[in-house]
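Summary of the model geometry
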Amino acid sequence: MSPAMKEKLRPINDLPEEARVREICARHHNRPELLLEILHEIQESFGSIPRDSVGIVGESLNLSRAEVHGVVSFYHDVRQLPAGRHLVKICRAESCQAMGGNRLGPLAEYNLGCRFGETTADGRITLEAVYCLGNCALSPAVMVDDRLYGRVDARRFDEIIDGLRAEAAE
(Lines give C-alpha, C1' and ligand atoms only; values in the text may rest on other atoms or scores of the structure.)
Protein backbone atom coordinates (compact mmCIF):
# COMPACT_ATOMS: atom_id res chain seq x y z
CA MET A 1 0.00 0.00 0.00
CA SER A 2 1.38 3.40 -0.93
CA PRO A 3 2.09 5.93 1.82
CA ALA A 4 -0.49 8.27 0.29
CA MET A 5 -3.15 5.51 0.42
CA LYS A 6 -2.22 4.67 4.05
CA GLU A 7 -2.64 8.31 4.99
CA LYS A 8 -5.93 8.50 3.12
CA LEU A 9 -7.28 5.41 4.93
CA ARG A 10 -5.96 6.32 8.40
CA PRO A 11 -9.06 8.29 9.54
CA ILE A 12 -11.47 5.43 8.81
CA ASN A 13 -9.41 2.43 9.94
CA ASP A 14 -10.86 2.62 13.45
CA LEU A 15 -14.45 2.45 12.20
CA PRO A 16 -16.44 -0.81 12.09
CA GLU A 17 -16.39 -2.65 8.74
CA GLU A 18 -19.78 -1.41 7.49
CA ALA A 19 -18.99 2.21 8.36
CA ARG A 20 -15.59 1.94 6.66
CA VAL A 21 -17.16 0.61 3.46
CA ARG A 22 -19.84 3.30 3.48
CA GLU A 23 -17.19 6.00 4.07
CA ILE A 24 -15.14 4.74 1.11
CA CYS A 25 -18.22 4.80 -1.14
CA ALA A 26 -19.10 8.30 0.10
CA ARG A 27 -15.58 9.54 -0.65
CA HIS A 28 -16.26 8.54 -4.24
CA HIS A 29 -19.62 10.34 -4.09
CA ASN A 30 -21.48 7.00 -4.32
CA ARG A 31 -20.94 7.06 -8.09
CA PRO A 32 -21.50 3.67 -9.72
CA GLU A 33 -19.06 4.47 -12.53
CA LEU A 34 -16.32 4.53 -9.86
CA LEU A 35 -17.07 0.99 -8.70
CA LEU A 36 -13.59 -0.35 -9.53
CA GLU A 37 -11.86 2.49 -7.71
CA ILE A 38 -14.13 1.89 -4.71
CA LEU A 39 -13.39 -1.85 -4.74
CA HIS A 40 -9.65 -1.21 -4.95
CA GLU A 41 -9.81 1.14 -1.96
CA ILE A 42 -11.87 -1.37 0.03
CA GLN A 43 -9.32 -4.03 -0.82
CA GLU A 44 -6.48 -1.74 0.29
CA SER A 45 -8.28 -1.18 3.57
CA PHE A 46 -9.22 -4.80 4.34
CA GLY A 47 -6.79 -6.90 2.27
CA SER A 48 -9.74 -8.26 0.24
CA ILE A 49 -13.38 -7.50 -0.47
CA PRO A 50 -15.28 -8.72 2.60
CA ARG A 51 -18.38 -10.71 1.65
CA ASP A 52 -20.75 -8.40 3.54
CA SER A 53 -19.33 -5.32 1.82
CA VAL A 54 -20.71 -6.38 -1.57
CA GLY A 55 -24.27 -5.62 -0.46
CA ILE A 56 -23.23 -2.39 1.25
CA VAL A 57 -21.47 -1.17 -1.89
CA GLY A 58 -24.49 -2.11 -4.00
CA GLU A 59 -26.83 -0.24 -1.69
CA SER A 60 -24.56 2.82 -1.57
CA LEU A 61 -24.17 2.96 -5.36
CA ASN A 62 -27.73 1.96 -6.18
CA LEU A 63 -26.51 -1.25 -7.84
CA SER A 64 -27.73 -4.75 -7.22
CA ARG A 65 -25.64 -7.13 -5.15
CA ALA A 66 -25.31 -9.26 -8.30
CA GLU A 67 -23.86 -6.35 -10.28
CA VAL A 68 -21.21 -5.68 -7.64
CA HIS A 69 -20.44 -9.39 -7.21
CA GLY A 70 -20.09 -9.73 -10.99
CA VAL A 71 -17.33 -7.13 -11.00
CA VAL A 72 -15.65 -8.61 -7.91
CA SER A 73 -15.62 -12.09 -9.42
CA PHE A 74 -14.61 -10.97 -12.94
CA TYR A 75 -11.38 -9.11 -12.21
CA HIS A 76 -8.52 -11.29 -10.98
CA ASP A 77 -6.89 -8.41 -9.09
CA VAL A 78 -10.00 -7.97 -6.96
CA ARG A 79 -9.75 -10.49 -4.12
CA GLN A 80 -12.52 -12.14 -2.20
CA LEU A 81 -9.97 -13.63 0.23
CA PRO A 82 -6.79 -11.99 1.50
CA ALA A 83 -3.62 -12.79 -0.44
CA GLY A 84 -0.58 -14.36 1.14
CA ARG A 85 2.48 -12.39 2.13
CA HIS A 86 3.95 -13.10 -1.33
CA LEU A 87 2.12 -13.15 -4.64
CA VAL A 88 3.49 -15.54 -7.28
CA LYS A 89 2.14 -14.98 -10.79
CA ILE A 90 2.89 -17.44 -13.55
CA CYS A 91 2.31 -16.34 -17.13
CA ARG A 92 -0.02 -18.74 -18.94
CA ALA A 93 -0.08 -16.87 -22.28
CA GLU A 94 0.87 -18.53 -25.56
CA SER A 95 4.50 -17.39 -25.72
CA CYS A 96 5.27 -18.64 -22.23
CA GLN A 97 3.37 -21.88 -22.84
CA ALA A 98 5.33 -22.49 -26.05
CA MET A 99 8.62 -22.02 -24.21
CA GLY A 100 7.89 -24.56 -21.49
CA GLY A 101 5.69 -22.56 -19.17
CA ASN A 102 2.95 -25.18 -19.47
CA ARG A 103 5.05 -27.37 -17.15
CA LEU A 104 5.40 -24.63 -14.51
CA GLY A 105 1.70 -24.64 -13.58
CA PRO A 106 1.50 -28.22 -12.31
CA LEU A 107 4.96 -27.93 -10.75
CA ALA A 108 3.97 -24.77 -8.87
CA GLU A 109 0.72 -26.30 -7.63
CA TYR A 110 2.57 -29.39 -6.41
CA ASN A 111 5.48 -27.47 -4.89
CA LEU A 112 3.23 -24.98 -3.07
CA GLY A 113 0.47 -27.43 -2.18
CA CYS A 114 -2.24 -25.13 -3.55
CA ARG A 115 -3.97 -24.52 -6.86
CA PHE A 116 -4.03 -21.35 -8.94
CA GLY A 117 -6.09 -18.72 -7.15
CA GLU A 118 -5.33 -20.19 -3.73
CA THR A 119 -2.95 -19.45 -0.88
CA THR A 120 -0.60 -21.91 0.81
CA ALA A 121 -1.78 -23.42 4.09
CA ASP A 122 0.66 -21.24 6.03
CA GLY A 123 -0.77 -18.11 4.37
CA ARG A 124 2.61 -17.06 2.98
CA ILE A 125 2.22 -17.49 -0.80
CA THR A 126 -0.70 -16.92 -3.16
CA LEU A 127 -0.43 -18.51 -6.61
CA GLU A 128 -2.05 -16.79 -9.58
CA ALA A 129 -2.26 -17.42 -13.30
CA VAL A 130 -1.86 -14.34 -15.46
CA TYR A 131 -2.10 -14.03 -19.20
CA CYS A 132 0.82 -11.79 -20.04
CA LEU A 133 3.55 -10.19 -18.00
CA GLY A 134 4.99 -8.41 -21.03
CA ASN A 135 8.20 -10.42 -20.89
CA CYS A 136 7.60 -12.62 -23.93
CA ALA A 137 11.20 -12.37 -25.16
CA LEU A 138 12.29 -14.12 -21.96
CA SER A 139 9.52 -16.72 -21.74
CA PRO A 140 8.44 -18.38 -19.55
CA ALA A 141 7.91 -15.50 -17.14
CA VAL A 142 7.07 -15.43 -13.45
CA MET A 143 6.45 -12.43 -11.22
CA VAL A 144 6.96 -12.61 -7.47
CA ASP A 145 5.50 -9.59 -5.73
CA ASP A 146 6.84 -6.83 -8.00
CA ARG A 147 9.93 -8.66 -9.28
CA LEU A 148 9.85 -10.11 -12.77
CA TYR A 149 11.79 -13.28 -13.66
CA GLY A 150 12.44 -14.55 -17.18
CA ARG A 151 13.37 -17.95 -18.62
CA VAL A 152 12.03 -19.70 -15.54
CA ASP A 153 12.35 -23.46 -15.69
CA ALA A 154 11.53 -26.00 -12.95
CA ARG A 155 14.91 -25.61 -11.24
CA ARG A 156 14.75 -21.81 -11.22
CA PHE A 157 11.16 -21.84 -9.99
CA ASP A 158 12.17 -24.08 -7.08
CA GLU A 159 15.06 -21.71 -6.27
CA ILE A 160 12.71 -18.71 -6.25
CA ILE A 161 10.23 -20.46 -3.95
CA ASP A 162 13.01 -21.79 -1.71
CA GLY A 163 14.21 -18.18 -1.36
CA LEU A 164 10.75 -17.08 -0.24
CA ARG A 165 10.59 -19.91 2.27
CA ALA A 166 14.08 -19.14 3.61
CA GLU A 167 13.11 -15.48 4.00
CA ALA A 168 10.11 -16.53 6.08
CA ALA A 169 12.27 -18.75 8.29
CA GLU A 170 14.58 -15.85 9.23
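Read on for an overview of the structure. On a predicted model such as this, the values are computed, not experimentally measured, just so you know.

What about the overall build of the chain?
Each helix and strand in the chain was counted, giving eight helices and four strands. Tracing the chain from N to C terminus, the helices and strands come up as α-α-α-α-α-β-α-α-β-β-β-α. With respect to the three principal axes, the spread of C-alpha positions in the chain is 50 × 35 × 25 Å. Split into buried and exposed, the 170 residues of the chain put 40% on the buried side.

Details of helix 5 (residues 65-74)
Because each turn of an α-helix spans 3.6 residues, side chains separated by three or four positions in sequence point in the same direction. For helix 5, every residue scored as buried is listed here: V68, V71 and V72. Buried residues along helix 5 cover an arc of 100 degrees about the axis, so they all sit on one side. Across helix 5 from its buried face, at more than 90 degrees, point the exposed residues A66 and F74. The elements touched by buried residues of helix 5 are helix 3 (35-46) and helix 4 (51-61).

Observations concerning helix 4
The complete set of buried residues in helix 4 reads S53, V54, I56, V57, G58, S60 and L61. Buried positions along helix 4 lie against helix 2 (17-27), helix 3 and helix 5. N62, located one to two residues past helix 4, shows a positive phi value of around 60 degrees.

Reading guide: rules and limits
- Residues numbered from 1 in each chain as written.
- Predicted model: local features only at pLDDT ≥ 70, side-chain atom pairs only at ≥ 80, totals over all residues.
- Heavy atoms only, no water.
- Helix = DSSP H or I, 4+ residues; strand = E, 2+ residues; numbered from the N terminus.
- Buried < 20%, exposed > 50% of the residue type's maximum accessible area, 1.4 Å probe, protein only.
- Arc of directions from axis to C-beta.
- Contact = heavy atoms within 4.5 Å.

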